[in-house]
Amino acid sequence: MKNMTITTPDIIRDVWQETAVPPPSAPLIVDITARESTAMYYIGRQLVREYGSYENPAFIATLHLNAYQLLPERIARILSHFGTDYSAGQYGAVVFRGLVQVDQDDLGKTPSSWKDVDYDKLKAYGFISSLMHGAVPSKPVQYYAQRKGGGLLHAIIPDEQMSHTQTGSGSRTDLFVHTEDAFLFHQADFLSFLFVRNEERVPSTLYSIRSHGATDEVMRPLFRPLYKCPKDANYARDAAAGEEVSTAVLYGNETYPFIRFDAAEQIHNPDAGQSAEAMHYLEEFWKVARTHIYNDFVPEAGDLIFVNNHLCAHGRNAFVAGYREEKGVLVPCERRMMLRVMSKTSLIHIRAVTKTDDPYFIMEEHYGNVFR
Ligand SMILES: [Fe+2]
């Protein structure tokens, strides 16, 4: 009998390929080997010696070269792939477990707030975080909207004075999931969170639009530019700049979209100014979205979470800063410390909102309006 080949019509194959990938419900967790983490340790020390600061223009100018030459190849490959993978199976966050070795004694006590942080102690972490972005490749940037700039590396520490608000310094109320700076057109493309201390054992909250699978009827209305997003609680609510602007929550590809979303500001803020229609669509979406929130990973010192800010939102649980539960009893401990870097893949596309003398410094205040 003649050998027969059965061919599948293209349309059936496409459908099959789409349904073959189950929607991802958790980030990829990469366990860093002892050899890799030792390499990271020496890379950090070498770069501190060579450049002094991770903000040294000579380092920034050679960031991608350094990233590909210095990072362990497996890590560089994962990040390079992550930078261009927006597929059905890509969750949008990768946990690099045990990336760096943190000397807790050298770190000292957790400062009372981010304003009291000694950044000299964090130099090596700044270099390593920057290299991770460099491998995507993406460029570390700072935003005037966050701490008026405040450098390329931000220490995020729970601050007792701010524990009831919805900013990264808060701790007692639920900080709902959000993509970073959802009130900006030029929000970060990638984020990294390097945990140098998490004695409270607070889980890290993540939520990916990919967990919904392909666009469905609940998601479709979110492509319409109907939605307001107030500036977040880091700000005084005096300036009205940008408040008239409504945007889409979902954008990019129609089937597997990107997301710009802040549950606290867009749904739970009574001053958001959503129309009844917009609020209805947001609430229907949130009913489904909240079932996809991932809360199972408890970062340890040395873990770095790398996030595509167009695919994956972040947040965290309520927790009592400076205490951890042991056998049902709250025992005092050092408060959490996390180091954040944000980056953009193109400085050209943000040039209209960056400082004249610093293309890495974003001055956007609220949806295209620029700080004067
Ligand atoms: Fe955030």
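Every value quoted in this text rests on a predicted model; they were computed, and no experiment measured them. (Residues numbered from 1 in each chain as written. Predicted model: local features only at pLDDT ≥ 70, side-chain atom pairs only at ≥ 80, totals over all residues. Heavy atoms only, no water.)

Trainee: Tell me about the overall build of the protein, and name the residues and values.
Mentor: Looking only at helices and strands, the protein features nine helices and 19 strands. For the protein, contacts bridging at least 24 residues in sequence account for 80% of all contacts bridging at least 6. Just so you have it, the protein exposes about 17300 Å², and 53% of that area is on carbon and sulfur atoms. (Helix = DSSP H or I, 4+ residues; strand = E, 2+ residues; numbered from the N terminus. Contact = heavy atoms within 4.5 Å. Areas by Shrake-Rupley, 256 points an atom, 1.4 Å probe, with all protein chains shown as cover.)

Trainee: Outline the coordination of the iron ion, listing residues and values.
Mentor: Around the iron ion, the protein supplies His178 (NE2), Glu180 (OE) and His314 (NE2) as donor atoms, at distances of 2.1 to 2.2 Å. Sequence positions of the donors to the iron ion reduce to the motif H-x1-E-x133-H. Pair noted here: glutamate 180 is in the loop between strand 5 (175-178) and strand 6 (190-197) and histidine 314 is in strand 12 (residues 312-316), with a separation of 134 residues, a long-range link. Among the residues examined, glutamate 180 registers a relative accessible area of 5% and is labelled buried. Looking at histidine 314, the relative accessible area reads 9%, which means it is buried. (Donors = N, O, S within 2.8 Å, 3.2 Å for Na, K, Ca; no water. Buried < 20%, exposed > 50% of the residue type's maximum accessible area, 1.4 Å probe, protein only.)

Trainee: Quick rundown of the side chain of serine 204? Include the residues and the values.
Mentor: Tracing the chain through its elements places serine 204 in strand 7 (residues 204-208). Serine 204 has contacts with Phe195, Tyr294, Asn295, Phe297, Pro299, Ile305 and Gly315, leaving out every residue within four places of it along the chain.

Trainee: So what about the packing of helix 4 (residues 63-70) against helix 7 (residues 123-134)? Which residues, and what values?
Mentor: Two elements in contact, helix 4 and helix 7, have axes separated by 8 Å at closest approach and are oriented at 95 degrees. Our classification of the angle between helix 4 and helix 7 gives roughly perpendicular. For the pair formed by helix 4 and helix 7, the contact residues are Leu63, His64, Asn66, Ala67 and Tyr68 on the first element and Ser130, Leu131 and Gly134 on the second. Here the residues of the contact of helix 4 with helix 7 sort into four nonpolar, four polar and no charged. (Axes fitted to C-alpha atoms, helices over the stretch in contact; angles between N-to-C directions. Parallel < 35°, antiparallel > 145°, perpendicular 65-115°, else oblique. Nonpolar A, V, L, I, M, F, W, Y, C, P; charged D, E, K, R; others polar.)

Trainee: Quick one: what's the story with the packing of aromatic side chains, residue by residue and with numbers?
Mentor: By the definition in use, this model includes 13 aromatic pairs. Each ring, one from tyrosine 86 and one from phenylalanine 258, has its centre 5.3 Å from the other, and the planes form 80 degrees; the classification is edge-to-face. Of this pair, tyrosine 86 sits in the loop between helix 5 (73-82) and strand 2 (93-97) while phenylalanine 258 sits in strand 9 (residues 258-259), and the two are 172 residues apart along the sequence. These aromatic residues form a ring-pair network of at least three members: Tyr51, Tyr54, Phe59 and Phe127. Above the face of the tyrosine 251 ring, arginine 260 is positioned so that its terminal group lies 5.0 Å from the ring centre. The residue whose ring lies beneath lysine 355 is phenylalanine 361, and the NZ or CZ to ring-centre distance is 4.0 Å. (Phe/Tyr/Trp six-rings, centres within 6.5 Å; stacked < 30°, edge-to-face > 60°. Lys NZ or Arg CZ within 6 Å of the ring centre and 35° of its normal.)

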